[in-house]
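Descriptive structure summary
Now for the letters of each chain:
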Amino acid sequence: MKRYLVPALASVLVTFGLWFYTRDSVQSLIIGLLTHLTFLVIEHLQVIGKVSKYLDTHKGLIESPDMVVSAATRMRTLENSGGPLRKWIAERAFVRLNDRLGDLVGERWVENSVERVIEITEKLFAPEHCARTYRGTSIVTDYKAYWQTMLGQRYQKFAEQAIARGVTVKRIFILDDAREMDDIAPLMRAQAAAGIQVRCLLRADAPTGAPLSDYGIWDDHAAMQLSEARHAGSAFRATLMLNASDVRHLADTFDALFEVAQTLDASRIAGTPSRPAGS
């Protein structure tokens, strides 16, 4: 409101000043209106200048500058005529976005949508991000039904496409109870047939102190860790990690688990795993 009151007050002062000096009301009114219009144009040019400067500064980061201009325009519209509730929501949304971008600067990004996680995963499986290896775990208790869903099948498709171009894909299925093997064995066999190096591990057999969670690691450059139904206030939470030390920690944990995990012998009855050769 202040940015509009100042030009209006200035134009009123100019109008009355000229009228007092010339006693020509028409000329004074015209000059006053032109003064007000000039101030408004300058104010909006300043906004455009700030947006342009921001885009120039971040032109290597932002793929579509039009999105930033559109966001600035919508924020200005809400600020001017959005109503108190919409203004309040817009301010909260902007603060949240700013905080999330701050997290990304710190090389982390949190998602609470399974669909958006799959979208990010597709990007991570692209050749420029996954050229050598993918390593992942799957908590059977939490995700047994997931692999039969459309999203689970998309995830599997990404892995198979990576295998087709020479990427090594490894996966550990983590079981709470050996009886889960009967349900998960057909899925493990199917993934093994697709070229994935599949192993299974009972929680009780994990090395002491090794954290067990659902995560994926792409080429030692990026990792994503899930925490479904274990994070306060959110039924699903996925954290994308780009920090080298975080990724390395998960990769080392995976390698330690993979060494003690068991292979599934397809010639045996479901639910009877065998130790990997040399273990």
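Shown above is the structure to which this text applies.
Residues numbered from 1 in each chain as written. Predicted model: local features only at pLDDT ≥ 70, side-chain atom pairs only at ≥ 80, totals over all residues. Heavy atoms only, no water.

1. Topic: the pattern of salt bridges
- Counting across every chain of the model gives 12 salt bridges.
- Note that Arg 108 and Asp 246 form a salt bridge whose closest N and O atoms lie 3.3 Å from each other. Separated by 138 residues along the polypeptide, Arg 108 in strand S1 (residues 108–111) and Asp 246 in helix H9 (residues 244–260) bring together distant segments of the chain.
- With a relative accessible area of 35%, Arg 108 lands in the partly exposed category.
- When its relative accessible area of 22% is taken as the criterion, Asp 246 is described as partly exposed.
- Where Arg 248 meets Asp 220, a salt bridge forms, and the shortest distance between an N and an O atom there is 3.6 Å. Remark: Asp 220 occurs in the loop between strand S5 (214–218) and strand S6 (222–226) and Arg 248 occurs in helix H9; sequence separation between them is 28 residues.
- Assessed through its relative accessible area of 36%, Arg 248 is described here as partly exposed.
- Residues joined in a network through salt bridges with shared partners are Arg 135, Asp 220, Arg 248, Asp 252 and Asp 255. (Salt bridge = Lys/Arg side-chain N within 4 Å of Asp/Glu carboxyl O. Helix = DSSP H or I, 4+ residues; strand = E, 2+ residues; numbered from the N terminus. Buried < 20%, exposed > 50% of the residue type's maximum accessible area, 1.4 Å probe, protein only.)

2. Let's talk about helix H4 (residues 84–105)
- If you check H4, its first and last C-alpha atoms are 32 Å apart, about what 22 residues at 1.5 Å a residue would give, namely 32 Å.
- Trailing H4 by a residue or two, Glu 107 shows a phi angle of about 70°, which is positive. (Expected span 1.5 Å × (residues − 1).)

3. With respect to the nonpolar core
- In terms of nonpolar packing, the biggest core is built from 53 residues, with Phe 125, Phe 173 and Met 224 touching the most fellow members.
- With 6 residues, the top contributor of residues to this core is H9.
- Filtering out sequence-adjacent residues up to four positions away, Phe 173 remains in contact with Ser 138, Val 140, Trp 147, Ile 184, Leu 187, Met 188, Gln 191, Val 198, Arg 199, Cys 200 and Leu 201. (Core = buried A, V, L, I, M, F, W, Y, C linked by side-chain atoms within 4.5 Å. Contact = heavy atoms within 4.5 Å.)

4. Quick notes on the layout of surface pockets
- Taken as a whole, the second largest pocket holds about 310 Å³ of empty space.
- Along the walls of the second largest pocket sit 21 residues, with Tyr 143, Tyr 146, Tyr 155, Asp 214 and Leu 226 positioned nearest its centre.
- Elements supplying a minimum of two residues to the lining of the second largest pocket: helix H5 (114–124), strand S2 (133–139), helix H6 (140–143), S5 and S6.
- Residue classes in the lining of the second largest pocket are distributed as 13 nonpolar, 4 polar and 4 charged. (1 Å grid on protein atoms, 1.4 Å probe; cavity = no way out; pocket = protein on both sides within 12 Å on 5 of 7 lines; lining within 4 Å. Points joined across faces, edges and corners; volume = space filled by probe spheres on them. Nonpolar A, V, L, I, M, F, W, Y, C, P; charged D, E, K, R; others polar.)

5. A look at the sheet that holds strand S4 (residues 197–202)
- If you trace the 7 strands from one edge of the open sheet to the other, you get S1-S7-S6-S5-S2-S3-S4, paired in mixed fashion. Every interior strand has two partners, whereas the edge strands, S1 and S4, have only one. The mean angle between the axes of side-by-side strands here comes to 15°, regardless of whether they run parallel or antiparallel.
- Where S2 meets strand S3 (residues 168–175), 7 bridges bridge the pair, whose relative direction is parallel. Each residue of the ladder has a partner; that of Ile 139, found in S3, is Ile 174. (Pairing = 2+ DSSP bridges. Axes fitted to C-alpha atoms, helices over the stretch in contact; angles between N-to-C directions.)

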